[in-house]
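# Observations on the model geometry
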Amino acid sequence: MSAYTTARARFAAWAALDSPHLPADPVDAMQLRLARWEVRQPFWRADAAFVALGCCEEVGERASAESPDEIEDAMGDVAIYAGQVAMRNRLAMSGLFDAADELPALHADAWRNLCDAQGRVAHLALKRSQRIREGALPDEEYRARMATTIAALLGAVEATSYRSGRSARDCYLITGARILARDWTANRVTGVAP
């Protein structure tokens, strides 16, 4: 089964859940909780290109991270933004994490692989926003490409983070829980909820 087929099927199984209901899988539950949280924030935009900028920002943070805690935070943040791109494309992160474990690296160098994967996510999101090149493809074909690309990004960020001892999936859940405690509408400077 392809990354796309799995991620779409899992998404379809829980996409219609109303709050407070959540999927049984902890990764899917976190993705849905983060999506519900995000639409209440002042920066919410429907366009995935906006969110793909977050992937780029966090890959930069990963490059700057030195301690295991910083590495895990950056890895989690990359996965959070990737999850928001996935949400906009009706893809379940649980399927994408599974696919990430199976995809071969595009390059022998882990950092080159991460830069390439991050660039591909940004490319697809931008082209969709512009409605040109791959962005002009039918939804299913475009989403299939995005699924593989997000899975490659998740695998690539994990490969650069072997010193942390945690998987990208674990960091997604840990960082996601911290993000859910923020309220950027209440406090635009720190995000600290009242």
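Structure: above.
All of the points below concern the structure found in this document. (Residues numbered from 1 in each chain as written. Predicted model: local features only at pLDDT ≥ 70, side-chain atom pairs only at ≥ 80, totals over all residues. Heavy atoms only, no water.)

Now for helix H8 (residues 168-180). Between its terminal C-alpha atoms H8 stretches 18 Å, which fits the 18 Å expected from 13 residues at 1.5 Å a residue. Three or more residues of H8 are buried, namely Ala168, Cys171, Tyr172, Thr175, Gly176, Ile179 and Leu180. For H8, the buried positions fall inside an angular range of 150° around the axis, keeping them on one side. On its buried side, H8 packs onto helix H2 (26-38), helix H4 (68-88), helix H5 (93-102) and helix H7 (139-159). (Helix = DSSP H or I, 4+ residues; strand = E, 2+ residues; numbered from the N terminus. Expected span 1.5 Å × (residues − 1). Buried < 20%, exposed > 50% of the residue type's maximum accessible area, 1.4 Å probe, protein only. Arc of directions from axis to C-beta. Contact = heavy atoms within 4.5 Å.)

Counted by the stated rule, this structure contains 11 salt bridges. One salt bridge in this structure joins Arg120 and Asp116, with 2.4 Å as the shortest N-O distance. In this pair, Arg120 and Asp116 both sit in helix H6 (residues 110-130), four residues apart, roughly one turn of the helix. Asp116 gets classed as buried once you look at its relative accessible area, which sits at 18%. Note that Arg145 is salt-bridged to Glu141, the shortest N-O span being 3.7 Å. Linking Arg145 with Glu141, this pair stays in helix H7, spanning four residues, or about one helical turn. Judged by relative accessible area, Arg145 falls into the partly exposed class, the value being 38%. A residue is classified by how much of its surface remains accessible, and Glu141, at 37% relative accessible area, is partly exposed. Linked by salt bridges that have partners in common, Arg10, Asp98, Asp101 and Arg169 make up one network. (Salt bridge = Lys/Arg side-chain N within 4 Å of Asp/Glu carboxyl O.)

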